[in-house]
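The lines below spell out each chain.
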Amino acid sequence: DKITPLQITMWMQGIANNGRMIMPRLNESDSTKTIYEQMAQRCNIDSLKLAMRDEVKYGLLKKAGSEYVPVSGITNVSQENGLGDRCAMFSGFIPGYTITVNIVMSGPRTRRTPISIAKGVIDWIAQYRLHLGGESKPEKKERPLPRGVD
């Protein structure tokens, strides 16, 4: 009755692949195993992709957008548990990658946190895995020395 983050990622990846759902891989060298050749009708998949793309372009998920690649996604926040915590989630995709961020936290910024984490992951993938928008390797920045240390 409960949906896990891995199941959400698999569902999202199936939408990104036009309905073909494959088993997640832990390593790039793992073989690909198809779970469903067509998990839903293509017209439904296309409608979902358009709605998720528009949510990032024009809706509540604008901050997940990237200057490097088109981003499609959804977000959700669970009800508070008895301790005041919530599970916040962003799940989406860019060309070649599916991204899901789940975080348990409390406070008013619950929805924004996974979106900002996802944006950082998306931009990193675009720059350093897809080699878009700049250097192909992350810059090594010098950490400033603490005050009083020469």
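In this text, all values refer to a predicted model and were calculated from it rather than measured experimentally. (Residues numbered from 1 in each chain as written. Predicted model: local features only at pLDDT ≥ 70, side-chain atom pairs only at ≥ 80, totals over all residues. Heavy atoms only, no water.)

**Focus: the sheet that holds strand β5 (residues 97-105)**
Spatially, β3-β4-β5 is the arrangement adopted by the three strands of the open sheet, whose pairing is antiparallel. Looking at strand neighbours, the two that pair on one side only are β3 (72-77) and β5, the edges of this open sheet. With strand direction ignored, the average angle separating the axes of adjacent strands in the sheet is 10°. Pairing analysis gives nine bridges linking strand β4 (residues 86-94) to β5, with the strands arranged antiparallel. Among the inter-strand pairings, Met-89 is bridged to a residue of β5, identified as Asn-102. Taken strand by strand, helix α2 (residues 42-57) contacts β3 and β4, and its axis lies near 75° from that of β3. The sheet contacts of helix α3 (residues 112-129) involve β3, β4 and β5, and relative to β5 the element is tilted by about 150°. (Pairing = 2+ DSSP bridges. Helix = DSSP H or I, 4+ residues; strand = E, 2+ residues; numbered from the N terminus. Axes fitted to C-alpha atoms, helices over the stretch in contact; angles between N-to-C directions. Contact = heavy atoms within 4.5 Å.)

**Overview of unusual backbone geometry**
With phi around 60°, Asn-18 is a residue other than glycine that occupies positive phi space. As for its placement among the helices and strands, Asn-18 is situated in the loop between α1 (5-16) and β1 (21-22). Judged by relative accessible area, which is 25%, Asn-18 ranks as partly exposed. One non-glycine residue, His-131, lies in positive phi territory at about 60°. When you line up the elements, His-131 lands in the segment after α3. (Buried < 20%, exposed > 50% of the residue type's maximum accessible area, 1.4 Å probe, protein only.)

**Brief notes about the packing of aromatic side chains**
In total, this model carries one aromatic pair according to the counting rule given. With a centroid separation of 5.7 Å and 55° between ring planes, the pair formed by Trp-124 and Tyr-128 is classed as tilted. Taken together, the positions of Trp-124 and Tyr-128, both in helix α3 and four residues apart, correspond to about one turn of that helix. (Phe/Tyr/Trp six-rings, centres within 6.5 Å; stacked < 30°, edge-to-face > 60°.)

**Things to note about the packing of α1 against α2**
For any two helices packed against each other, the geometry comes down to the angle between their axes and how far apart the axes lie. Where α1 meets α2, the axes come as close as 9 Å, and the angle between the chain directions of the two elements is 105°. Of the possible angle classes, the one that applies to α1 and α2 is roughly perpendicular. Along its contact with α1, which presents Met-12, Ile-15 and Ala-16, the element α2 presents Ile-45, Leu-48, Lys-49 and Met-52. Considering only residue class, the contact of α1 with α2 consists of six nonpolar, no polar and one charged. (Parallel < 35°, antiparallel > 145°, perpendicular 65-115°, else oblique. Nonpolar A, V, L, I, M, F, W, Y, C, P; charged D, E, K, R; others polar.)

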